[in-house]
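Structure assessment
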Amino acid sequence: MGFRLPGIRRSSFAVTKAASKAVEVPKGYLAVYVGEKMKRFVIPISYLNQPLFQQLLSQAEEEFGYDHPMGGLTIPCSEDAFLDLTSRLNGL
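Calculation rules
Residues numbered from 1 in each chain as written. Predicted model: local features only at pLDDT ≥ 70, side-chain atom pairs only at ≥ 80, totals over all residues. Heavy atoms only, no water. UniProt positions renumbered as here; feature names shortened; annotations may be inferred. Helix = DSSP H or I, 4+ residues; strand = E, 2+ residues; numbered from the N terminus. Buried < 20%, exposed > 50% of the residue type's maximum accessible area, 1.4 Å probe, protein only. Contact = heavy atoms within 4.5 Å. Areas by Shrake-Rupley, 256 points an atom, 1.4 Å probe, with all protein chains shown as cover. Expected span 1.5 Å × (residues − 1). Arc of directions from axis to C-beta. Pairing = 2+ DSSP bridges. Axes fitted to C-alpha atoms, helices over the stretch in contact; angles between N-to-C directions. Core = buried A, V, L, I, M, F, W, Y, C linked by side-chain atoms within 4.5 Å. Salt bridge = Lys/Arg side-chain N within 4 Å of Asp/Glu carboxyl O.

Turning to the protein chain, the UniProt record has this under Sequence similarities (unreviewed entry): "Belongs to the ARG7 family."

Put into structure tokens, the structure is as follows:
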């Protein structure tokens, strides 16, 4: 038993609600896509000031320009290299 609204299927509402949460990025963070499979990472915007990350941004500009159809920044490196870089930045 439970309350049901006419014309609204429960499963479609749940998918829509889950999908909208998947694209949200908290304030102070940035979505980036990395690697061949374009895995999505949400990183602090403070990384943008770091020289190591700025090198990646320069490579991204050269390879992709400013058109990012995924809705976030595309980073041209492997996931392993990106994770290594972010772990070094977390240690700063």
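That covers the picture; the talk isn't over yet.
1. Section: the overall build of the protein chain
Scanning the protein chain from N- to C-terminus turns up three helices and three strands. Written out in order from the N terminus, the α and β elements of the protein chain read α-β-β-α-β-α. By the burial criterion, 24% of the 92 residues in the protein chain qualify as buried. Counting contacts in the protein chain only where the partners sit at least 6 residues apart, residues at least 24 apart contribute 46% of the total. With an accessible surface of roughly 7,100 Å², the protein chain has 57% of that area assigned to carbon and sulfur atoms.

2. What to know about helix α2 (residues 51-64)
Helix length check: α2, at 14 residues, gives a terminal C-alpha distance of 20 Å against a target of 20 Å (1.5 Å per residue), a fit within 8%. Along α2, the positions that sit buried rather than exposed are Phe-53, Leu-56 and Ala-60. Buried residues along α2 cover an arc of 55° about the axis, so they all sit on one side. Away from its buried face by more than 90 degrees, α2 exposes Pro-51, Gln-55 and Glu-62. Buried residues along α2 sit in contact with β2 (39-44), β3 (73-75) and α3 (79-90). With its phi angle positive at about 70°, Gly-65 sits one or two positions after the end of α2.

3. Remarks on the sheet that holds β3
One open sheet accounts for three strands, arranged β2-β1-β3; its pairing is mixed. Either end of the sheet is taken by a strand with one partner, and the two such strands are β2 and β3. Across this sheet, the average inter-strand angle for adjacent strands is 40°, counted without regard to direction. Across the sheet, α2 touches β2 and β3, and the angle it forms with β3 is around 100°.

4. Points about the nonpolar core
Grouped together as the largest cluster of nonpolar side chains are 13 residues, with contacts concentrated most on Val-32, Val-34, Ile-43, Phe-53, Leu-56, Ile-75 and Phe-82. Counting only elements with at least two residues in this core, the list comes to β1 (29-34), β2, α2, β3 and α3. The leading source of residues in this core is α3, at three residues. Beyond its immediate stretch of four places on either side in the chain, Val-32 contacts Lys-39, Arg-40, Phe-41, Ile-43, Leu-73, Ile-75 and Phe-82.

5. Details of the pattern of salt bridges
In total, this model carries one salt bridge according to the counting rule given. With a shortest N-O distance of 3.1 Å, Asp-84 and Arg-88 are connected by a salt bridge. Placement of both Asp-84 and Arg-88 in helix α3 is noted, with a separation of four residues, approximately one turn of the helix. Given the relative accessible area of 45%, Arg-88 is considered partly exposed.

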